[in-house]
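The residues making up each chain are set out below.
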Amino acid sequence: MTFSPRNRIEVMHGVNLDQLGRRASEHYGDMTLTELETRISTEAGDLGLLTRFFHTNQEGDFVEHLHRLEGLADGIVLNPGAWTHYSYAIRDALELAALPAVEVHLSDVDNREEWRRRSVIGELCIARVAGKGPPGYREALERLHTELSEE
Ligand code: DQA
């Protein structure tokens, strides 16, 4: 029997995250999305994880990408941007994907506007990391690494 490690992580960014580098630096820092993805990929490699990256500004594309993950990923790191706070469509698609997922936010969503405190995907995720900037993704990867090695 061949042993196949469960190490494939889908890193998904949603609406407006392609604008990193132009967005309010006090919340999001100065890194572009490409720079952030490069950093995440290196850190994942250190943990023995393989990453694939996806970004869209279209909610339906984000949903359909989640639909297609079956058999292609073992875990998900997702930052859906503002969709986090209201998209039941993404929530339902994440439930369908049925993979361990970690919600990440660069900014400290719990200490900004009231509406950012609510997450409609939170209860489906094994963890949430917020307000730690790019290092938060490393924490998310470590959490998934632990989860996938325990299964
Ligand atoms: C964000 C926080 C959201 O409230 C916001 O709409 C974003 C980015 C973050 O990474 O801090 O677009 O998800």
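Look a little higher up for the structure.
Computed from a predicted structure; not experimentally measured.

Rules and cut-offs
The residue numbers shown here count from 1 along each chain, following its written sequence. pLDDT decides what is reported in this predicted model: residues at 70 or higher carry local features, side-chain atom pairs at 80 or more are listed and counted, and totals for whole chains, interfaces and linings draw on all residues regardless. In computing side-chain properties, one takes all heavy atoms of the structure into account and sets aside hydrogens as well as water. Nearness of a residue to a molecule or strand requires only that one of the residue's heavy atoms be within 4 Å of it. Each polar contact in these results corresponds to two N or O atoms within 3.5 Å; when the atoms are within protein, one needs to be able to donate a hydrogen and the other to accept it, and residues that are neighboring in sequence are counted only if both atoms are side-chain atoms. Note that accessible areas follow from Shrake-Rupley with a 1.4 Å probe, and for residues the cover is restricted to the protein chains shown. Residue polarity follows a fixed list, in which Ala, Val, Leu, Ile, Met, Phe, Trp, Tyr, Cys and Pro are nonpolar, Asp, Glu, Lys and Arg are charged, and the others, Gly among them, are polar. Comment: elements are numbered from the N terminus, with helices defined as DSSP H or I runs of at least four residues and strands as E runs of at least two. Think of it in three bands: residues with accessible area under 20% of the maximum for their type are buried, residues over 50% are exposed, and the middle band is partly exposed, with areas taken using a 1.4 Å probe on protein chains only. Positive charges come from Lys and Arg alone, negative charges from Asp and Glu alone, with His and the N- and C-terminal ends not counted. For this analysis, a salt bridge means a side-chain nitrogen from Lys or Arg found within 4 Å of a carboxyl oxygen belonging to Asp or Glu. For this analysis, residues touch if any pair of their heavy atoms sits within 4.5 Å.

## Considering the site of the ligand
Taken together, Arg23, Tyr28, Asn79, Gly81, Ala82, His85, His105, Leu106, Ser107, Val109 and Arg116 are the residues near the ligand. Residue Leu106 places a main-chain N or O atom 2.8 Å away from an oxygen atom belonging to the ligand. Side-chain polar atom of Arg116 to an oxygen atom of the ligand: 2.8 Å apart, as the coordinates give it. Computed on the free molecule, the ligand has an accessible area of 320 Å², of which 99% lies beneath the protein chains in the complex. In terms of residue class, the shell around the ligand is made up of four nonpolar, five polar and two charged.

## A short note on the side chain of Glu37
The topology assignment puts Glu37 in helix 2 (residues 33-46). Despite being buried, Glu37 has no salt bridge partner; Arg52 is the closest side chain of opposite charge, sitting 11 Å away. Once you skip the residues sitting within four places of it in the chain, Glu37 turns out to touch His13 and Phe53.

## Regarding the pattern of salt bridges
Inspection of the entire model under this criterion finds 16 salt bridges. With a shortest N-O distance of 3.3 Å, Glu114 and Arg117 are connected by a salt bridge. Here Glu114 falls in the exposed class, since its relative accessible area comes to 58%. According to the relative accessible area criterion, Arg117 is partly exposed, its value standing at 40%.

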